[in-house]
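# Descriptive structure summary
Here is what each chain is made of, one letter per residue.
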Amino acid sequence: MADEGKENLSKAPLELVLSALKVDPDKGLSAAEAEARLGQYGPNALPEKKESLFKKVAIHFVGPIAFMIEAAALVSLFLGDIGDFVIIFGLLIFNAGLEFFQDNKAANALTALKNSLAPQATALRDGAFVTIDAATLVPGDIVKIRLGGIVPADIRLVGGDYASIDQAALTGESLPVTKHIGDEAYSGSVVKQGEMTAVVTATGGETFFGRTAKLVAGAGAVSQAQKAMFQIGNFLIVVAVVLAMIMVAVQVYVDIVKTDNWGLSDALEILQFVLVLLVASIPVAMPAVFSITMALGALALSKEKAIVSRLTSIDEMAGADILCSDKTGTLTKNILTLGDPIAVAAADPQAIILAGALASKAENADAIDGAVIGALADKSVLKGYRIDKFVPFDPVSKRTQASVTGPDGVSFLTAKGAPHAIVELAKADEAVSKKVDGDVSALGAKGYRALAVARSDDGGASWSLLGILPMFDPPRDDSKSTIENVGTKGVTVKMITGDDTAIARETARQLGLGSNIMTAADVFPPDMDPDHVPGPIARQILAADGFARVFPEHKYAIVKTFQEAGHLVAMTGDGVNDAPALKQADCGIAVSGATDAARGAAALILTAPGLSVIQNAIDEARRIFGRITAYTVYRVALTMDIMFLVVLSTIFLGFQPLTPIMIVIMSLLDDVPIMTIAYDNTTVSEQPVRWKMPRLLTIAAVLGFASIVESFGLLLMGMEVLSEPARWAGLGLTNQAHIQSMMFLQLVAGGHLLLLVARKENWFLKPPFPARPLLIAIVLTQVAAVLMCGFGILVPQLPWRLIGLVWCYLLIWLFILGFIRLGIDTVLENRSLRRAMSIELINARLNR
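Residues numbered from 1 in each chain as written. Predicted model: local features only at pLDDT ≥ 70, side-chain atom pairs only at ≥ 80, totals over all residues. Heavy atoms only, no water.

With that settled, the discussion passes to the overall build of the protein. A tally of regular secondary structure across the protein gives 31 helices and 22 strands. Nonlocal contacts in the protein, meaning residues at least 24 apart in sequence, comprise 72% of its contacts between residues at least 6 apart. Surface summary for the protein: the accessible area is close to 36200 Å², and the carbon and sulfur share equals 60%. (Helix = DSSP H or I, 4+ residues; strand = E, 2+ residues; numbered from the N terminus. Contact = heavy atoms within 4.5 Å. Areas by Shrake-Rupley, 256 points an atom, 1.4 Å probe, with all protein chains shown as cover.)

Moving on, we come to helix 17 (residues 419-426). The buried fraction of helix 17 is high, at 6 of 8 residues. All of the buried residues along helix 17 are Pro419, Ala421, Ile422, Val423, Leu425 and Ala426. Here the buried face of helix 17 lies against strand 13 (399-405), strand 14 (411-417), helix 18 (430-445), strand 15 (449-456) and strand 16 (464-472). (Buried < 20%, exposed > 50% of the residue type's maximum accessible area, 1.4 Å probe, protein only.)

Another point: the pattern of salt bridges. The final tally for this structure, using the stated rule, is 24 salt bridges. A salt bridge links Asp825 to Arg695; the nearest nitrogen and oxygen atoms lie 3.9 Å apart. Of this pair, Asp825 sits in helix 31 (residues 800-846) while Arg695 sits in helix 28 (residues 693-723), placing them 130 residues apart in sequence. In this structure Asp825 comes out as buried when scored by relative accessible area, which is 8%. One continuous salt-bridge network, built from bridges that share partners, spans Arg695, Glu761, Arg821 and Asp825. (Salt bridge = Lys/Arg side-chain N within 4 Å of Asp/Glu carboxyl O.)

Structurally, Thr178 can be placed in strand 5 (residues 177-179). Separated by 15 residues in sequence, Thr178 and Gln193 have C-alpha atoms that sit 8.7 Å apart.

Another aspect to go through is the pairing of strand 13. In terms of burial, strand 13 is largely enclosed, as 5 of its 7 residues are buried. Here strand 12 (residues 386-394) pairs with strand 13 via 6 bridges, running antiparallel. Within strand 13, the position partnered with Asp394 by the bridge is Arg399. As paired elements, strand 13 and strand 14 share 7 bridges and run antiparallel to each other. In the sheet register, Arg399 faces strand 14, and the bridge partner there is Gly417. (Pairing = 2+ DSSP bridges.)

This next bit is on the packing of helix 29 (residues 736-758) against helix 30 (residues 772-791). One way to put it is that helix 29 packs onto helix 30 with a least axis distance of 10 Å and a crossing angle of 170 degrees. One way to sum up the angle between helix 29 and helix 30 is to call them roughly antiparallel. Each of Ser741, Phe744, Leu745, Val748, Ala749, His752, Leu755 and Leu756 in helix 29 lies in contact with helix 30, whose residues at this interface are Leu774, Ile778, Thr781, Gln782, Ala785, Val786, Met788 and Cys789. Among the residues forming the contact of helix 29 with helix 30, the class breakdown is 12 nonpolar, 4 polar and no charged. (Axes fitted to C-alpha atoms, helices over the stretch in contact; angles between N-to-C directions. Parallel < 35°, antiparallel > 145°, perpendicular 65-115°, else oblique. Nonpolar A, V, L, I, M, F, W, Y, C, P; charged D, E, K, R; others polar.)

All right, on to the sheet that holds strand 19 (residues 546-548) then. With mixed pairing, the 8 strands of this open sheet are ordered in space as 8-22-21-20-9-17-19-18. Because the sheet does not close on itself, it has two edges, and the strands there are strand 8 (306-308) and strand 18 (517-519). Averaged over all pairs of adjacent strands, the angle between their axes in this sheet comes to 20 degrees, without regard to strand direction. Where strand 20 (residues 569-573) lies against strand 21 (residues 587-590), 4 bridges are found, and the strand directions are parallel. Looking at strand 21, one finds that Thr572 is bridged to Ile589. Its contacts with the sheet place helix 20 (residues 501-511) against strand 17 (492-496), strand 18 and strand 19, and it is angled at close to 170 degrees to strand 18. Strands strand 9 (322-326), strand 17, strand 19 and strand 20 of the sheet are contacted by helix 23 (residues 552-564), whose axis makes an angle of about 160 degrees with strand 20.

This part is about unusual backbone geometry. In this model, Pro767 is joined to Pro768 through a cis peptide bond whose omega is 5 degrees. Tracing the sequence through the fold places Pro768 in the loop between helix 29 and helix 30. Despite not being glycine, Asp126 shows a phi value in the positive range, around 55 degrees. As for its placement among the helices and strands, Asp126 is situated in the loop between strand 1 (120-125) and strand 2 (128-133). At Arg549, a residue that is not glycine, the phi angle is positive and equals roughly 55 degrees. In this structure, Arg549 sits in the loop between strand 19 and helix 23.

Next up on the list: the pairing of strand 17. Most of strand 17 sits inside the fold, with 4 of its 5 residues counted as buried. Here strand 17 runs beside strand 19; their pairing, made up of 2 bridges, is parallel. Each bridged residue has a counterpart across the sheet, and for Met495 the counterpart in strand 19 is Gly546.

What follows covers helix 22 (residues 535-543). All of the buried residues along helix 22 are Ile537, Ala538 and Ile541. Looking straight down helix 22, one finds its buried side chains confined to an arc of 100 degrees; they lie on one side. Residues of helix 22 that are exposed and angled more than 90 degrees away from the buried face: Pro536 and Arg539. (Arc of directions from axis to C-beta.)

This part takes up the packing of helix 26 (residues 612-652) against helix 28. When two helices pack together, their arrangement is given by the angle between the helix axes and the distance between those axes. As a packed pair, helix 26 and helix 28 sit with axes 7 Å apart at the nearest point and diverge in direction by 40 degrees. Judged on the interaxial angle alone, helix 28 and helix 26 are oblique. Helix 28 is crossed by helix 26, and the crossing has right-handed handedness. A breakdown of the residues in the contact of helix 26 with helix 28 according to their chemical character gives 17 nonpolar, 6 polar and 1 charged. (Left-handed = near helix turned anticlockwise from the far one by under 90°.)

Here we take up the nonpolar core. Grouped burial of nonpolar side chains is what soluble globular proteins tend to show. Within the largest apolar cluster, 125 residues are counted, with the highest numbers of intra-cluster contacts made by Ile589, Leu604, Leu658, Trp691 and Phe744. For this core, the element with the most residues is helix 26, which contributes 22 residues. If we skip the residues at most four places from it in the chain, Phe744 touches Leu658, Met662, Ile665, Met666, Leu669, Met788, Cys789 and Val795. Listed in part, the 31 residues of the second largest apolar core include Ile496, Val533, Met571 and Ala598. (Core = buried A, V, L, I, M, F, W, Y, C linked by side-chain atoms within 4.5 Å.)

This next bit is on the environment of Lys383. Here Lys383 shows up in the loop between helix 16 (367-374) and strand 12. Relative accessible area serves as the criterion here: at 75%, Lys383 is assigned to the exposed category. Each C-alpha atom, one on Lys383 and one on Gly406, is 9.7 Å from the other, the two residues being 23 residues apart in sequence.

A few words on the environment of Val200. Structurally, Val200 is set in strand 7 (residues 190-202). Here Val200 falls in the buried class, since its relative accessible area comes to 0%. Considered as a pair, Val200 and Pro152 are 48 residues apart in the sequence and their alpha carbons are 8.8 Å apart.

With that settled, the discussion passes to a nonpolar patch on the surface. Side chains of Leu775, Val779, Val783, Leu787, Phe791, Ile793, Leu794 and Trp800 sit close together on the surface and give an oily, nonpolar patch of about 770 Å² of accessible area. With 5 residues, the single largest contributor to the nonpolar patch is helix 30. (Patch = residues over 30% accessible without salt bridge, like charges linked within 9 Å, V, L, I, M, F, W, Y side chains within 5 Å.)

A few words on the packing of aromatic side chains. With the rule as written, the count across this model stands at 11 aromatic pairs. Centroid distance Tyr385 to Phe412: 6.4 Å. Interplanar angle 90 degrees. Geometry classified as edge-to-face. Taken as a pair, Tyr385 in the loop between helix 16 and strand 12 and Phe412 in strand 14 lie far apart in primary sequence, 27 residues in all. Residue classification places Tyr385 among the partly exposed residues on the basis of a relative accessible area of 21%. The class of Phe412 is buried, set by a relative accessible area of 5%. (Phe/Tyr/Trp six-rings, centres within 6.5 Å; stacked < 30°, edge-to-face > 60°.)

Here we come to the confidence of the model for the protein. When pLDDT is averaged along the protein, the result is 81; 84% of the residues meet or exceed 70. Across the protein, the secondary-structure element scoring lowest on mean pLDDT is helix 7 (residues 109-115), at 45, and the one scoring highest is strand 14, at 94. Counting contacts from residues 1-7, a segment whose pLDDT is below 50, to residues more than four positions away or on other chains yields 9 contacts. A low-confidence stretch, residues 105-110 stays under pLDDT 50, and its non-local contacts, those more than four residues away or across chains, total 14 contacts. (pLDDT = per-residue confidence, 0-100.)

Here it is in structure tokens:
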């Protein structure tokens, strides 16, 4: 059915709807007609797109760093270096397996949505109501909905008195909505009261629920961590390819032009050189370090009552500067609460509440009845009264009524309901009627609901209007302080709710969120594509403080608009209606008590109510981000050091400074213990942090080139000693194998000393100091490297005096690198300040 047709069926007069669907509401469809329409419209189920297990697994072996690791593994296998192949391929499998497990956990949103649909329905077929599989419903079917049932498709009500339908999970409205003949009801909503018949107007993917599912299926953003790894991988690939081409060109020139001798052995030797370069240049453990650091961060967040279902969401939370928050149950308590009663005829406010409580029934589990009874100062007072007769809420009379016998044996009637209905019941004079109208209007302007309460002592012959009971969903006790605290961390909160605009404005006022609350219908045209929001509408969205009366596609469009404007967006929600926006957000957060659909679409699941948990999650995410960026700077700088050392020494000195086994051992000693950086102590940024790749790579490159000077300086000194062995006989450096061991020690030990400089922006001897696990790992690695060189384990043995001299050299360079880091940070900071001042100056001139 076309979109225009669906819109017409949801808004058109019932007679036209029934005519368009060619159905008699008293007879329903015939079995044959239903079968034909099922073939035309398809089953009443969410469309499912299956993805093969192979494709799910293969996606984790694609990308710059993955390609580099795979290339190194294949070259190792081709040359018969099985040990290298096993180590490299093992790291690749480990990282892909971890990512696959996390993605598989997070890809259950559509399954959860399907579980929310009605499995069966009562439909009128061939003139008789029968129970059928809800998946076989078709447009034009006449269905019966009743108390406790799930609405099986989008419908228009055609018969019965009324039905109270809870559609909060779909629309965000905090209370059930009373529906009458002609009204629309959505698939997946729950019938709380009443029984009615209805005609099906849309099924499957064409329902309100189905459109939500389509948005969920199409939603999603590439994580900042993934983008960062792609950029780092591309950077290292470019450097590696350029260096490899230079090295191959030089070797071919030497072999062919100078020696005029070229054979298979020469080609294999060059391939071996390329292998050395590849293994040296690839940070094989980088994806694993990213994953393990975030996994350990997820464990820390679980202790803060936040369960991580998608690891990369931690990275996104660290950089989020917009938090789109649901109102009901997140900013507010989702508990209807009574305000101070407004007396009319009653002198005591508690008397108004007591009369209202006597006209309520706790066992009905009605939100309004519960709020009235809960407002009693002493609930035990109800035990002294006997309810002789209770008349439940009637949408015609718009009130509940009870016949009561008091503790003194005197009988009376009480009633509570819509103010205008109680005014009419009490036959109030014009002055009272005007007062009630004024009070109700004032309450309505604040978003408060209002009930009027009356009492009759003469069997209903006359009624006294006791007063008005204001009702509202109060903000959570911690909401205002949490909003203020995250604001100081550079995160702006935008409220998004399906509730009425007046309610949204009052809640925003109480929480200090601003007054520019926009009604969705006033902003979004009915036919707007949520993936392509027009510029004028986008500007309205960006300027708003919050949004009211929103549908799922509106929430999705709001999130996407902020993202396209350059913001990282976190989104909280709890219902089916939130699922598309939760999945599209950079960090979707399902709040405590969320539906399965919301949990399935979210990346972070809160197990404690309110927003205060998010405040803790932001701090922890920024700590984790600091650890990952520290590792990135360290690893890129060290990779550059290794690559340039291997290539430059091969080209200019004709000497291979490291053997393949040394490179493999060095990769393990440098990367595996360094995974303890996941526990490191880091400062918490006061502003959102992002992958500023130019800055990050600049710092890494400067430290990398300084490390190249350090390494090449030691190598040249070693070559100088080797050229005059008699002059430096006391050092014990007698052959090129000793130089290789010396360079191995320098790169392993110097690499971890480089981490001390890379892990923080200020002087490396200032706090926060490295965490104990990281410090222990570094010390153990140094001890292992020293013992390997001192006792000749897997590498040529070095004299202890030479090991001591290498360490003295490394300590001197540690301070040199520390000063270089301070210098580059100062230069970059000054450049950022100048750029910010220039932008402010330009903006000031434009605003004149």
